[in-house]
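# Observations on the three-dimensional arrangement
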Amino acid sequence: MTQRCGSTGRTMVDLSYDLHIHSCLSPCGDDDMTPGNIVGMAAIKGLDVIAVTDHNSCKNCPAVLRLAQEYGVLAIPGMEINTSEEVHAVCLFPELFQAMEFDAYVYERLMKFPNDEAIFGKQQICDENDVCTGTEPYLLINSADISFDGLWELTDAFGGVMFPAHIEKSANSLIANLGFVPPDSRFRTAEVKDLKKLHQVRKGNPYLEGCRIVSNSDAHYLEHIHEPELTIPVRERSVQAVIDYLKGI
């Protein structure tokens with residue numbers, strides 16, 4: 001974490017980040033991706049701010065936030081939603097209660113297909129001691145009956161912010177599944193996992209020229225969590241300041 005003066009003369013804080021991490025609640029997440037291991041790894045690596053964003057669920061966020069406070073890591077509750085168009089987007093919230101209310105809203109609209117652990121993997125809910133307190137019975141990687149069109153407004157209504165995930169990927173991305181970035185989009189930040197492809201994805205999608213770009217790990221294994229190499233400039237070290245940055249404020 002470093003401080004500097006922005007163009008307005010205000011002191012800005014540069015926070016190293018990884019805002020797209022999957023826990024063992026995601027069926028594709030490794031069993032070692034427990035809340036304690038994730039937060040501990042982030043602390044060891046020296047990350048300032050993280051977000052655990054499981055597929056269509058925030059149910060491991062309570063444990064993550066409690067542990068992050070102990071470790072001195074800033075943690076943001078959120079999820080990676082899978083929309084009705086099979087577009088992945090990261091949704092983040094300033095407060096845990098907002099995330100859990102959004103979790104309930106999405107869960108009501110999730111396709112209720114039973115999870116087969118032998119095929120898809122476990123979906124484990126953990127407490128702050130990394131004890132598995134339950135499992136999610138329905139497959140979380142299914143789509144929810146929520147359209148990408150209007151997702152900005154929906155997330156904002158819950159007090160949060162959204163950005164399309166890994167837009168350069170050939171599957172489950174905004175560009176791959178819709179074919180383009182709608183010019184009437186509202187999001188102000190987009191995620192590009194491989195920054196070397198940023199120029200390519202901007203070609204033909206002029207909307208992205210006005211967007212802030214973040215690059216997250218989308219980690220499903222502990223060793224894939226980002227090193228503290230990328231930073232975002234915010235007005236202060238707080239969850240709300242990060243949310244405001246992602247909103248373009």
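It should be noted that the structure appears before, not after, this text.
Residues numbered from 1 in each chain as written. Predicted model: local features only at pLDDT ≥ 70, side-chain atom pairs only at ≥ 80, totals over all residues. Heavy atoms only, no water.

## A short note on a nonpolar patch on the surface
A cluster of nonpolar side chains, contributed by Met 111, Phe 113, Ile 119, Phe 120 and Ile 141, occupies part of the molecular surface with about 460 Å² of accessible area. Note that Ile 119 resides in helix H4 (residues 117-120). (Patch = residues over 30% accessible without salt bridge, like charges linked within 9 Å, V, L, I, M, F, W, Y side chains within 5 Å. Areas by Shrake-Rupley, 256 points an atom, 1.4 Å probe, with all protein chains shown as cover. Salt bridge = Lys/Arg side-chain N within 4 Å of Asp/Glu carboxyl O. Helix = DSSP H or I, 4+ residues; strand = E, 2+ residues; numbered from the N terminus.)

## Things to note about the packing of helix H1 (residues 35-45) against helix H2 (residues 61-71)
In contact at an axis separation of 9 Å, H1 and H2 are set at 35° when each is read in the N-to-C sense. Regarding H1 and H2, the two cross each other, and that crossing is right-handed. Facing H1, whose interface residues are Pro 35, Gly 36, Val 39, Gly 40 and Ala 43, H2 presents Ala 63, Val 64, Leu 67, Ala 68 and Tyr 71. Residue classes in the contact of H1 with H2 are distributed as eight nonpolar, two polar and no charged. (Axes fitted to C-alpha atoms, helices over the stretch in contact; angles between N-to-C directions. Left-handed = near helix turned anticlockwise from the far one by under 90°. Contact = heavy atoms within 4.5 Å. Nonpolar A, V, L, I, M, F, W, Y, C, P; charged D, E, K, R; others polar.)

## Some remarks on unusual backbone geometry
Of note, Asn 56 is a non-glycine position whose phi angle comes to about 55°, a positive value. Following the sequence through the fold, Asn 56 ends up in the loop between strand S3 (49-55) and H2. A relative accessible area of 1% places Asn 56 in the buried class. In this model, Asn 172 sits at a positive phi of 55°, which is unusual for a non-glycine residue. Take Asn 172: it is sitting in the loop between strand S8 (161-164) and helix H6 (174-178). (Buried < 20%, exposed > 50% of the residue type's maximum accessible area, 1.4 Å probe, protein only.)

## Brief notes about the nonpolar core
Core analysis: the biggest nonpolar cluster contains 53 residues, and Leu 92, Phe 187 and Val 242 have the highest contact counts within it. Beyond its immediate sequence surroundings of up to four residues, Leu 92 is in contact with Leu 19, Ala 51, Thr 53, Ile 76, Pro 77, Gly 78, Gly 160, Val 161, Phe 163, Ile 243 and Leu 246. Of all hydrophobic cores here, the second largest spans 16 residues; its members include Val 64, Val 73, Ala 219 and Leu 222. (Core = buried A, V, L, I, M, F, W, Y, C linked by side-chain atoms within 4.5 Å.)

## Examining the pattern of salt bridges
For the structure shown, the criterion picks out nine salt bridges. Note that Asp 31 and Lys 122 form a salt bridge whose closest N and O atoms lie 3.8 Å from each other. With a gap of 91 residues between them, Asp 31 in the loop between strand S2 (11-21) and H1 and Lys 122 in the loop between H4 and strand S6 (124-126) connect regions that are remote in the sequence. In this structure Lys 122 comes out as partly exposed when scored by relative accessible area, which is 37%. Across the salt bridge formed by Arg 186 and Glu 153, the nearest N and O atoms sit 3.0 Å from each other. You can see Arg 186 sitting in the loop between H6 and strand S9 (189-191) and its partner Glu 153 sitting in helix H5 (residues 151-157), a full 33 residues away along the chain. Overall, the relative accessible area of 39% leaves Arg 186 in the partly exposed class. Assessed through its relative accessible area of 37%, Glu 153 is described here as partly exposed.

## As for helix H3 (residues 96-108)
Think of an α-helix as 3.6 residues a turn; residues three or four steps apart then line up on the same face. Its 13 residues give H3 an end-to-end C-alpha distance of 19 Å, which sits within 8% of 18 Å, the value for a rise of 1.5 Å per residue. Inspection of H3 places Gln 98, Ala 99, Phe 102, Asp 103 and Val 106 among the buried residues, and these make up the whole buried set. Within H3, the buried residues cover an arc of 140° as seen down the axis, which keeps them to one side. Exposed side chains of H3 directed beyond 90 degrees from the buried face belong to Phe 97 and Glu 108. Residues of H3 that are buried make contact with strand S4 (74-82), strand S5 (88-92) and H5. (Expected span 1.5 Å × (residues − 1). Arc of directions from axis to C-beta.)

## Examining the environment of Pro 62
Residue placement: Pro 62 occurs in helix H2. Separated by 15 residues in sequence, Pro 62 and Pro 77 have C-alpha atoms that sit 8.0 Å apart. When residues no more than four places from it in sequence are discounted, the contact partners of Pro 62 are Leu 96 and Met 100.

## Some details on the pairing of S3
Successive residues of a regular strand alternate their side chains across the two faces of the sheet. With seven of its seven residues buried, S3 lies for the most part within the structure. Where S2 lies against S3, three bridges are found, and the strand directions are parallel. Among the inter-strand pairings, Tyr 17 is bridged to a residue of S3, identified as Val 49. With seven bridges joining them, S3 and S4 adopt parallel strand pairing. (Pairing = 2+ DSSP bridges.)

## Regarding the side chain of Thr 155
By secondary structure assignment, the location of Thr 155 is in helix H5. Separated by 2.8 Å, the side chain of Thr 155 and the backbone oxygen of Leu 151 make a polar contact. Here Thr 155 is in contact with Cys 91, Phe 93, Phe 102, Gly 160, Val 161 and Met 162, once residues within four sequence places are set aside. (Polar contact = N/O pair within 3.5 Å; in protein donor to acceptor, adjacent residues only side chain to side chain.)

Remember, this is a structural readout, not a statement about activity or role.
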